Amino acid sequence: HVYLLLSKCVGLLYSSASSLPSRCFRCKDIDVLPTLKLSCFPTALTMEIVYVYTKKRNEFGRQCNFSDRSAELHVDILPDPSLAVNFIERDPCDVPIQCTQEMSEHEVNTERFESDTRGINHVEGGWPKDVNPHEMEQTIRFRKKVEKDENYISTVMQLGNNMEHCIKQNNAIDIYREYFEEEEVVEESEVQPSAKTINVFRDPNEVKRTASSLSWHPDGSRKLAVAYSSLEFQKVSKDMSLNSYIWDIENPNKPEMTLKPVSPLVCLEYNPKDCHILVGGSYNGQIAYWDTRKGSQPVEMSTIEHSHRDPVYRVIWLQSKTGTDTFSASTDGQVLWWDIRKMSEPTERLILDPNKKGNLDNALGAISLEFETTMPTKFMVGTEQGLVVSCNRKAKTPAEKIVCMYSGHHGPIYALQRNPFFPKNFLTVADWTARIWSEDIKESSIMWTKYHTAYLSDGSWSPVRPSVFFTIKMDGTLDVWDFLFKQNDPTLSVKVCDEALNSLRVQDNGHFLACGSQLGTVTLLEISSGLCTLQKNEKALATAMFERETKREKILEARHREMRLKERSRSEQSKEEDTKEGDGEESPEELITRIEKDFYEIVEAELKKRDKGEEKKVADAIKSD
Amino acid sequence: MAEVEETLKRIQTHKGVIGTIVVNAEGIPIRTTLDNSTTVQYAGLLHQLTMKARSTVRDIDPQNDLTFLRIRSKKHEIMVAPDKEYMLIVIQNPSE
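Residues numbered from 1 in each chain as written. Chains lettered and ligands numbered in written order. Predicted model: local features only at pLDDT ≥ 70, side-chain atom pairs only at ≥ 80, totals over all residues. Heavy atoms only, no water.

Quick word on the packing of helix α2 (residues 150-171) of chain A against helix α1 (residues 2-12) of chain B
Each packed pair of helices is defined by two parameters, the angle between the axes and the distance between the axes. For clarity, the cut-off: Interaxial angles span 0 to 180 degrees and are taken between N-to-C directions of axes, which are lines fitted to C-alpha atoms, for helices over the stretch in contact. A helix here means a DSSP run of H or I that spans at least four residues, while a strand means a run of E at least two residues long, and both kinds are numbered starting from the N terminus. Here the angle decides the label: under 35 degrees means roughly parallel, over 145 means roughly antiparallel, 65 to 115 means roughly perpendicular, and every other value means oblique. For any pair of crossing helices, the crossing counts as left-handed if the nearer helix is rotated counterclockwise from the farther one by less than a right angle, and right-handed if it is rotated clockwise. The contact rule is simple, with two residues in contact once any of their heavy atoms fall within 4.5 Å. As a working rule, the residues Ala, Val, Leu, Ile, Met, Phe, Trp, Tyr, Cys and Pro are called nonpolar, Asp, Glu, Lys and Arg charged, and the rest polar, with Gly in that last group.
At a closest axis distance of 10 Å, the pairing of α2(A) and α1(B) adopts a crossing angle of 20°. As the angle between them shows, α2(A) and α1(B) are arranged roughly parallel. Of the two elements, α2(A) crosses α1(B), and the hand of that crossing is left-handed. Between α2(A) and α1(B), the residues in contact are A:Tyr152, A:Ile153, A:Val156, A:Met157, A:Gly160, A:Asn161, A:Met163, A:Glu164 and A:Ile167 and B:Glu3, B:Val4, B:Thr7, B:Leu8, B:Arg10 and B:Ile11, respectively. Looking at the contact of α2(A) with α1(B), its residues break down into nine nonpolar, three polar and three charged.

Right, dumping it as structure tokens:
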């Protein structure tokens, strides 16, 4: 039996009932087939509806054959209003209604997208499909095609500009950075070189004579000895005083001491060993020496017979144990050695004969002497003819005494001095130039100044700076040269006085110098410190310069020698032909007359030209009027 | 065509410039003064970096765009001038 609980409505229930009719305990119907049994719960109102049907036993187990039947009403339970008492009517009734589309919520999760970070080794770019990256030709063609593209051109131009800007930025110099930190600040001497006149010492005599020589006192340079003479031939007046003076540099009004020689002194030198002794060479060729402690008269004079025949232009003290040796030079061609203790005769005599024969007639007149105490065996003589003769004192024979000669000047050599720092190089001052020579080069000087407008009359090296030397000119100017600074012009040019300057002497400290003029005025000048302090590297630079110039001259000398050899060999070949032609050479007199004639012709031609020019000018002037 | 040559040559001859590369959008080097393997390496790597840099700039401000990229390293400086279709890369040894 299958039971179904019904609450209110009637439901038909088919149940398999047993074949035997069963009685329903409640309903009165007994043989109601089928009966519907309704299980009852122990509630107040129970109803039981039973439906019973029979089935034959031999039909058990057989499949069910279903067939359609029309509907049959089996039970009809009508409502019982009395039961309504058990219920209450609800009023109002809340009933939610929604008029929407019915939707259902449904969650969906897509498949998780897995991302992974990975590095790629890019091997070859994304070539398009038709280009095989391994084929050179195809890639090149592709590239060329791209390069022809308009877009490419404009893009690259534009990008290129940007890029250039940044590149340049990278290369820009940092203007705020400290450059040259490690370098020392080179102190430039701001001071212009200058020379200041400190004192002027005038010749106290009426008739003015030339201050032909100056000498500083060896001890402290407080005194200056000046030799006065008149070098102009036969212009000596009777009133001219013969005296020379020693001045104290602090007192320019009155000379401290007078020296009274027999004949005016052309040159005068203090003895570097003994500051009281002076030796002087006079106009008449005699040598005399003074002792300042003993008065104005010379202590001793040399005898006339054995002295020079011409004015003694230079006298120098020698280095000797006794400190009494001097030697003198004169234009008579002799160089004489004296011991002042015995002035009656010179101790030695040298005749400046270029042929080395000792012939006085041929001798060159000596105007200047050079002697360096560091090289006591050598000395040099500057001659009137423009030659510098280098001599060796210790030679056995007079012929060997003259070692060599340096030519190159056109006129008398007024000054000759070795460089105190580089004794191999010496300075000569003559005619219109000053030249620096190297001992090894005999053909020409290694350095020279330009040709000046005025004659140079004296010169000297600076005792403190190897590259500085001084020269004085006949127009009264003093030139200070520093060849490390400027080679073409003097570093400083000072007009000392209006008349010609004749003599120059630098003090040992290099700071002061005295120059004597034609009218006997001696000017004491102070040079600016820049010119008398040794600069750094000066020695090295001067050495380098000397070496360089020496080398150059050496090369030139070698070249000249070569050329001369060639010429000689060539001329020897043609000499035989020459002798057949006869003596084509002129004798010296004919040569002179020819030259004179040429000279006068040139002068006349020039004058004529000038006259014509003037006439033309006058004619033009008249025309314009 | 000649201006391009001139420009590239001018860039190459500046002081300190080691190499110049012109790459297209696919990473194909069009013009280069370096050897092939180096070029390909630079082209590929810098392309990616430029893209990343550009996207960074645009993320921060969508109106902005990358105009130039400079990478300074111990040994030298790599400069990239990007464009829509091409890219100019220059490697330079700065003067300091």
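On we go from here.
Section: the packing of aromatic side chains
All names here are of chain A. Condition: Centre distance within 6.5 Å is the pairing criterion for rings of Phe, Tyr and Trp, where only the six-membered ring of Trp is used; planes under 30 degrees apart are then read as stacked, over 60 as edge-to-face, and the remainder as tilted. The buried label goes to any residue with under 20% of its type's maximum accessible area, the exposed label to any with over 50%, and the partly exposed label to all in between, with areas taken from a 1.4 Å probe on protein chains only.
For the coordinates displayed, the defined rule picks out 19 aromatic pairs over all chains. On the numbers, 6.3 Å between centres and 75° between planes, the contact of Tyr-414 with Tyr-455 is edge-to-face. One end of the pair, Tyr-414, is in strand β18 (residues 413-418); the other, Tyr-455, is in the loop between β21 (447-448) and β22 (456-461), with 41 residues separating them in the sequence. The class for Tyr-414 is partly exposed, based on a relative accessible area of 34%. By relative accessible area, Tyr-455 is classed as partly exposed at 24%.

So, the pairing of strand β11 (residues 325-330) of chain A
Residues and elements named next belong to chain A. So the rule is basically this: Should DSSP find at least two bridges between two strands, the strands are regarded as paired.
Taking burial as the measure, the six residues of β11 include six buried ones, the bulk of the element. Burial along β11 is two-sided: Asp-325, Phe-327 and Ala-329 facing one way and Thr-326, Ser-328 and Ser-330 facing the other are all buried. Sheet topology places β11 next to strand β12 (residues 334-339); five bridges connect them, and they run antiparallel. Following the sheet pairing, Asp-325 is matched in β12 by Asp-339. Between β11 and the antiparallel strand that follows it, β12, lie three residues; Gly-333 among them carries a positive phi value of about 95°.

Points about the nonpolar core
Put simply, the rule is: The term nonpolar core refers to a set of buried residues drawn from Ala, Val, Leu, Ile, Met, Phe, Trp, Tyr and Cys, joined through side-chain atoms within 4.5 Å.
Within the largest apolar cluster, 24 residues are counted, with the highest numbers of intra-cluster contacts made by A:Tyr152, A:Met163, A:Ile167, B:Val22, B:Met79, B:Leu88 and B:Val90. Counting residues per element, the ones that place at least two in this core are α1 (136-148) and α2 of chain A together with α1, β1 (17-24), β4 (77-82) and β5 (86-92) of chain B. When residues in this core are grouped by element, the largest group, seven residues, is from α2(A). Ignoring sequence-local partners within four residues, the contact set of A:Met163 consists of B:Ile11, B:Phe68, B:Met79, B:Val80, B:Ala81, B:Leu88, B:Ile89 and B:Val90.

Examining unusual backbone geometry
Residue and element names in this part refer to chain A. For the bond from Asp-91 to Pro-92, the omega torsion is 5°, close enough to zero to count as cis. Here Pro-92 shows up in the segment before α1. Here the phi dihedral of Asp-431 falls at roughly 30°; this positive angle occurs in a residue that is not glycine. Structurally, Asp-431 can be placed in the loop between β19 (425-430) and β20 (433-438).

Side note on the pattern of salt bridges
Where we set the bar: A carboxyl oxygen of Asp or Glu within 4 Å of a side-chain nitrogen of Lys or Arg is what we treat as a salt bridge.
With the rule as written, the count across this model stands at 33 salt bridges over all chains. One continuous salt-bridge network, built from bridges that share partners, spans A:Glu370, A:Lys378, A:Arg418 and A:Glu439.

Side note on the sheet that holds strand β14 (residues 366-371) of chain A
All names here are of chain A. Spatially, four strands are ordered β14-β15-β16-β17 in an open sheet, and the strand pairing comes out antiparallel. Of all strands in the sheet, those with a lone pairing partner are β14 and β17 (402-406), marking the two edges. Going across the sheet, the axis of each strand differs from the next one's by a mean of 20°, ignoring polarity. In terms of strand pairing, β14 meets strand β15 (residues 378-383) through five bridges, oriented antiparallel. Within the sheet, the bridge partner assigned to Ser-368 lies in β15 and is Gly-382.

Quick notes on the interface of chain A and chain B
This is how it is decided: Buried area: the sum, over both parts, of the accessible surface (1.4 Å probe) that disappears when the two are put together. Whenever a nitrogen or oxygen atom comes within 3.5 Å of another N or O atom, the pair is scored as a polar contact, on the condition that within protein one atom can donate a hydrogen and the other can accept it, and that pairs from neighbouring residues in sequence are kept only if both atoms are in side chains.
Taken together, the contact pairs 32 residues of chain A with 38 residues of chain B. The contact between chain A and chain B buries some 3,100 Å² in all, and 61% of this surface belongs to carbon and sulfur atoms. Contact with chain B buries surface across chain A, with A:Leu159, A:Met163 and A:Asn170 losing the most and accounting together for 20% of the total. Our enumeration of links across chain A and chain B arrives at two salt bridges. Scanning the region where chain A abuts chain B turns up 13 residue pairs in polar contact (both at pLDDT 80 or more). When residues of the side of chain A that touches chain B are traced back to their parent elements, those giving at least two are α1 and α2 of chain A. Of the residues contributing to the side of chain A that touches chain B, the split by class is 14 nonpolar, twelve polar and six charged.

Section: α1(B)
We apply this condition: Here the arc refers to the directions that run from the helix axis out to each C-beta atom.
Within α1(B), burial applies to B:Val4, B:Thr7, B:Leu8 and B:Ile11. Summarising the axial view, the buried residues of α1(B) lie within an arc of 95°, below the 170-degree limit, and thus occupy one face. For α1(B), the exposed residues set more than 90 degrees away from the buried face come down to B:Ala2 and B:Lys9. Contacts from the buried residues of α1(B) go to α2 of chain A together with β1, β2 (29-32) and β5 of chain B.

A look at the sheet that holds β2(B)
Residues and elements named next belong to chain B. Strand order in the open sheet formed by five strands is β2-β1-β5-β4-β3, and the pairing between neighbours is antiparallel. Two strands lie at the open edges of the sheet, namely β2 and β3 (69-72), each paired on one side alone. Each strand axis lies, on average, 15° off the axis of its neighbour in the sheet, ignoring direction. Alignment of β3 against β4, held across four bridges, turns out to be antiparallel.

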